[in-house]
Amino acid sequence: MSTATPQKFEFQAEIKQLLDIVIHSLYTEKEIFVRELVSNASDALEKLRHLQLTEKEIADDTLQLEINVTTDDKAKTITIQDFGIGMTRDELVKNLGTIAHSGSKAFLKALGEGGAKNTNLIGQFGVGFYSAFMVAKSVKVYSHSWQKAEASHVWTSDGSGSYEIEEAEGQQRGAKIVIELKDDCSDYAQDWKIKEILERYSAFVSFPITLNGKRINTVQALWLRNKNEVKEEEYTEFYKFQAHAFDEPRLRLHFSADAPLSINALLFVPKENTEKLGLARLEPSVSLYCRKVLIDAKPKDLLPEWLRFLKGVVDSEDLPLNISRETMQDKALIEKLNKVITKRFLKFLEEEAKNRPEGYDEFYKEFGHFVKEGAALDFTHKEQLTKLLRFESSRTEKGKTTSLADYVSRLGADQKEIYYLVGPNRASIESGPYLEGFKARNLEVLFCFEAVDEYVMNNVREFDGKKLTAADHADVKLSDLPKPEGALSDDDVKTITTWIKDTLGDRVAEVKASERLVDSPVLALNADKMMSPHMRRMMKAMNKEGADNPLRVNLEINPRHAVIKRLFELHASNADRAKLVAEQLLDNALISAGLLDDATTMVARLNKLLETA
Ligand code: ADP
Ligand code: MG
């Protein structure tokens, strides 16, 4: 049927309902109408490209497959034209007047499920074509179908319940959508404004987009290309463009998967960890695309928290062409994506660690913090993450690291635990009193240099059936070593430990001879199971309650050490001086443990000792 005079139609009831919500909502991100219309244009071009493979007779077959956007800030209009498949008169009625298509359907369904008050739903689902009415006084759709014999028409509506269709001579193939903007939306007739929006949402649409004659999208959707065909410089350029970065990427993972979901992903680890530099906490910034159109630049749940340092793109084409991209907001789907991508990235890190250990170490130096965070908090991936942890140890050179698996491979048959020590740096751990007992027994100890390590080790708890154990903990039992010559006798040890306990009073919980000490005279062990020295320091730094509770430690003495032997003699001959020495030994032990809170009394005492020296 063809008519020369305009014919009036009522929108289907559901569309009326939809339009009512769209027009009256206070939804702030009105700009998504640009994304929706450009996506429709791109879909129409894509369909035409398919038709070109099978159809010989296509209207205006020489037209470029492109999208042209023009703005007119005097007339307050924005026009989006494509040379895609276009619509016949019947298709205009069916596609724009009824709720046959999925995006809007899903939207209405969500509304029915109690989301009526949630205007955000528009942003989540995109209401496709109808989003134009958020900003439009009127919308005109000029169209000529790809089928040569069909006439051209213009579809017109102000969104208030009805639309008109009329013949319109001289249209090119495709659709031209002219929006006359509402007065308070006239910004969308500004070139700069639309440029910004197009660059944000539609930068990777595969058909050329021009705005007022200027090309907008120049960077390709690299993630969809075969990785053997992409050059190194292209990746770097893409990274800088997509992540708004100035550095070069440190690591890159480009992969695709077909099952259980179709995924094309291109992920980058930046050169620098800006969180480490003390800048703000990173926001998740791997963007989610569906068929090259941005769905969400910073999707919260696409990746676990600890992967917030990653940049790049995840695109899922899993949905059949006729299902709209809005269903991508589906929570279950995001969860599935999360699972697949996280697993794949962990595998990638494992391979890097194996095949390029130096590069991995560099990565770990910069981003190890996130691996630790994951190992401590992400229960689902804990096992894989624990394997990726690295430590210096009493067996590595300074600056070189080992993994827990390597540690375990060096274990003696009867060692059931993995020992570690936390300290500010290697030198302080090596010169402290805690390590020597382990060294003397040839037991490897991992070194941890960061305050958070203790928390991480506590949460990780064990590896390969071996418990992670703090080497400075009072519970650690070490095997007997042969007694060296010249040590105090058991009786003398008993005498001196009792005397020290009496002399130091409440400052110590227990005094006993040590199995661990070799070169140092004394050692303080944490008697408080709930609060380790490092925890205590951290709480102090944060001004937390409990940090000021009186400190009680177990003091262990080395009956082989000259200072202790001298103290034994002194306590009989000059009890006053011996007391000063005992107090000083305790403070020395506390300093090594990082537990001495106030050194002023110590300085006074030292001066006294020096006087009599
Ligand atoms: P969806 O894109 O999810 O199908 P929309 O509301 O965005 O829903 O569009 C409705 C329908 O209108 C589309 O499915 C398509 O058939 C038709 N349509 C919209 N824009 C165009 C266009 N530029 N060219 C051809 N057909 C279009
Ligand atoms: Mg659409």
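Before reading further, recall that the structure is shown in the block above.
Below is a summary of the structure that appears in this document. Everything quoted here is computed from the prediction, not taken from an experiment.

Across its full length, the protein holds 19 helices and 22 strands. Considering the protein as a whole, with its 613 residues, one finds that 52% of them fall into the buried category. Within the protein, contacts between residues separated by at least 24 positions form 70% of all contacts whose residues are at least 6 apart in sequence. Accessible surface, the protein: about 30300 Å² in total, of which carbon and sulfur atoms supply 50%.

Our focus in this paragraph is the nonpolar core. Core analysis: the biggest nonpolar cluster contains 100 residues, and Ile-263, Phe-309, Val-314 and Phe-345 have the highest contact counts within it. Broken down by element, this core gets its largest block of residues, 10 residues, from helix 8 (residues 331–355). Ignoring any residue separated from it by four or fewer positions in sequence, one finds Phe-309 in contact with Phe-268, Val-269, Pro-270, Leu-282, Phe-345, Phe-363, Phe-367 and Phe-370. Leu-18, Ala-44, Leu-92 and Val-230 belong to the second-largest nonpolar core, a separate cluster that totals 75 residues.

The subject of this paragraph is the sheet that holds strand 12 (residues 285–290). Taken in spatial order, the five strands of this open sheet run 10-11-14-12-13, and their pairing is mixed. Among the strands making up the open sheet, the edge pair consists of strand 10 (251–257) and strand 13 (293–296). Across the sheet, the mean angle from the axis of one strand to that of its neighbour is 25°, orientation sign disregarded. Bridge count for strand 12 against strand 14 (residues 311–315) is five bridges, and the pairing is parallel. Considered in strand 14, the bridge of Tyr-289 is made with Asp-315.

This next bit is on helix 18 (residues 575–593). The first and last C-alpha atoms of helix 18 sit 27 Å apart over 19 residues, in line with the 27 Å expected at 1.5 Å per residue. Phi turns positive, to about 70°, at Gly-594, one or two residues after helix 18.

Okay, unusual backbone geometry next. For the bond running from Ala-259 to Pro-260, omega is 0°, close enough to zero to count as cis. As for its placement among the helices and strands, Pro-260 is situated in the loop between strand 10 and strand 11 (263–269). Even without glycine at this site, Asp-464 takes up a positive phi of about 55°.

Along an α-helix, a turn takes 3.6 residues, which lines up residues three or four apart on a common side. Within the span of helix 14 (residues 451–460), buried status applies to Asp-453, Glu-454, Val-456, Met-457 and Val-460. One side of helix 14 carries all its buried residues, which in axial view fall inside an arc of 165°. Immediately downstream of helix 14, the backbone of Arg-461 shows phi near 70°, a positive value.

A few words now on the sheet that holds strand 20 (residues 508–513). Strand pairing within a sheet occurs via backbone hydrogen bonds; the two strands may be parallel or antiparallel. Strand order in the open sheet formed by three strands is 20-22-21, with mixed pairing between adjacent strands. Since the sheet does not close on itself, it has two edges, and those belong to strand 20 and strand 21 (522–526), each with one partner. Neighbour-to-neighbour, the strand axes of the sheet open up by a mean angle of 25°, direction not taken into account. Packing against the sheet, helix 18 makes contact with strand 20, strand 21 and strand 22 (553–557), and its axis sits at approximately 55° to strand 21.

What follows deals with the packing of helix 9 (residues 357–377) against helix 14. Here helix 9 crosses helix 14 at 35°, and the two axes come no closer than 8 Å. Once helix 9 is placed against helix 14, the crossing between them reads as left-handed. Together, Lys-372, Ala-375, Ala-376 and Leu-377 of helix 9 and Asp-453, Tyr-455, Val-456, Asn-459 and Val-460 of helix 14 make up the contact between the two elements. Class assignment for the residues of the contact of helix 9 with helix 14 results in six nonpolar, one polar and two charged.

Moving on, we come to the environment of Leu-108. Take Leu-108: it is sitting in helix 4 (residues 102–115). On a C-alpha basis, the gap between Leu-108 and Leu-18 in space is 7.2 Å, while along the polypeptide they are 90 residues apart. What Leu-108 contacts, discounting residues up to four positions off in sequence, is Glu-14, Gln-17, Leu-18 and Ile-99.

A word on the packing of helix 8 against helix 9. Relative to each other, helix 8 and helix 9 sit at 125°, their axes nearing to 5 Å. The angle between the axes of helix 8 and helix 9 places the two elements in the oblique class. Contacts from Leu-349, Glu-352, Ala-353, Lys-354 and Asn-355 in helix 8 reach Pro-357, Tyr-360 and Phe-363 in helix 9. For the contact of helix 8 with helix 9, a count of residues per class yields five nonpolar, one polar and two charged.

So, on to the packing of aromatic side chains. Taken as a whole and judged by the stated rule, the model has 27 aromatic pairs. Ring plane angle 50° and centroid distance 6.5 Å describe the contact between Phe-447 and Phe-449, whose orientation is recorded as tilted. Given the relative accessible area of 2%, Phe-447 is considered buried. You can call Phe-449 partly exposed: its relative accessible area is 29%.

Right, let's talk about the pattern of salt bridges for a bit. Scanning the entire structure with this criterion turns up 29 salt bridges. Connected via shared salt-bridge partners are Arg-507, Lys-579, Glu-583, Asp-587 and Arg-605.

This next bit is on the pairing of strand 14. For strand 14, a buried count of five out of five residues is recorded, marking the element as mostly surrounded by other parts of the structure. In terms of strand pairing, strand 11 meets strand 14 through five bridges, oriented antiparallel. Within strand 14, the position partnered with Asn-264 by the bridge is Asp-315.

About the cut-offs
Residues numbered from 1 in each chain as written. Chains lettered and ligands numbered in written order. Predicted model: local features only at pLDDT ≥ 70, side-chain atom pairs only at ≥ 80, totals over all residues. Heavy atoms only, no water. Helix = DSSP H or I, 4+ residues; strand = E, 2+ residues; numbered from the N terminus. Buried < 20%, exposed > 50% of the residue type's maximum accessible area, 1.4 Å probe, protein only. Contact = heavy atoms within 4.5 Å. Areas by Shrake-Rupley, 256 points an atom, 1.4 Å probe, with all protein chains shown as cover. Core = buried A, V, L, I, M, F, W, Y, C linked by side-chain atoms within 4.5 Å. Pairing = 2+ DSSP bridges. Axes fitted to C-alpha atoms, helices over the stretch in contact; angles between N-to-C directions. Expected span 1.5 Å × (residues − 1). Arc of directions from axis to C-beta. Left-handed = near helix turned anticlockwise from the far one by under 90°. Nonpolar A, V, L, I, M, F, W, Y, C, P; charged D, E, K, R; others polar. Parallel < 35°, antiparallel > 145°, perpendicular 65-115°, else oblique. Phe/Tyr/Trp six-rings, centres within 6.5 Å; stacked < 30°, edge-to-face > 60°. Salt bridge = Lys/Arg side-chain N within 4 Å of Asp/Glu carboxyl O.

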